[in-house]
Amino acid sequence: MSRVQQVNVGGATYNVAQASAEKQKRLLLLIGANIAYTSNASGTVEINEPFLLGSLLRLPEATFDEVAGIVLAQTIKSGGESVVNIGDFQGNMVNYMKLVAGAIKVNLQDFFTYLDKANAERDVTPNQTAKK
C-alpha cells in the first residue's frame, strides 16, 4: 500500500502517492548521487523543493522524464479524478517542475533527512587533527 501526501503548487493541491520500493530505488539511483554531491559541495542546510528544482534543471531530458514518470505515476489534483500529466501544465512549466520536486521529496524524504543530518554534522564537527 502506498502512502499519499499532499503537495501544494501554484495554488493547487496534489495528492502524491509514493512509488513502489523498486521504483523508489530506481529514483534514488537516477538522482541521488547528484543531489548528495551538490548538497555537500554547496553547504546546503536542508534539501527542499527549491534545491530539488535546481537539481532537476540539470538533468538530461530523458532522465527527467523517467524521474517524473516515477513520481507522478499516481498523482491526482485534489478534487480531480485523473492522473496529472505534463499537458496539464501547458504554459506553466515552473509549476510542473515544482510538482515533480515535491513528489521527489514525498518519495525520498528518508534519503534527504540522512543527507541533511550528514551535512549538518560535517559543518559542526571540528577537525581534531587541525587542533594538534
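First, a word on what this report is: a plain description of the structure on this page. (Residues numbered from 1 in each chain as written. Predicted model: local features only at pLDDT ≥ 70, side-chain atom pairs only at ≥ 80, totals over all residues. Heavy atoms only, no water.)

**Some details on the sheet that holds strand β1 (residues 4-9)**
- A sheet is described by the order of its strands in space; here three strands give the open sequence β1-β2-β3, paired in antiparallel fashion. Both edges of this open sheet fall to β1 and β3 (76-77), since each of them pairs with a single strand only.
- With two bridges connecting them, strand β2 (residues 12-17) and β3 associate as antiparallel partners. Looking across to β3, one finds that N15 is bridged to I76. (Pairing = 2+ DSSP bridges. Helix = DSSP H or I, 4+ residues; strand = E, 2+ residues; numbered from the N terminus.)

**Focus: the side chain of Q18**
- Its location among the elements puts Q18 in the loop between β2 and α1 (21-42).
- Residue Q18 is classed as buried on the basis of its relative accessible area of 17%.
- Engagement of the side chain of Q18 in a polar contact is seen with the backbone oxygen of V106, the distance being 3.0 Å. (Buried < 20%, exposed > 50% of the residue type's maximum accessible area, 1.4 Å probe, protein only. Polar contact = N/O pair within 3.5 Å; in protein donor to acceptor, adjacent residues only side chain to side chain.)

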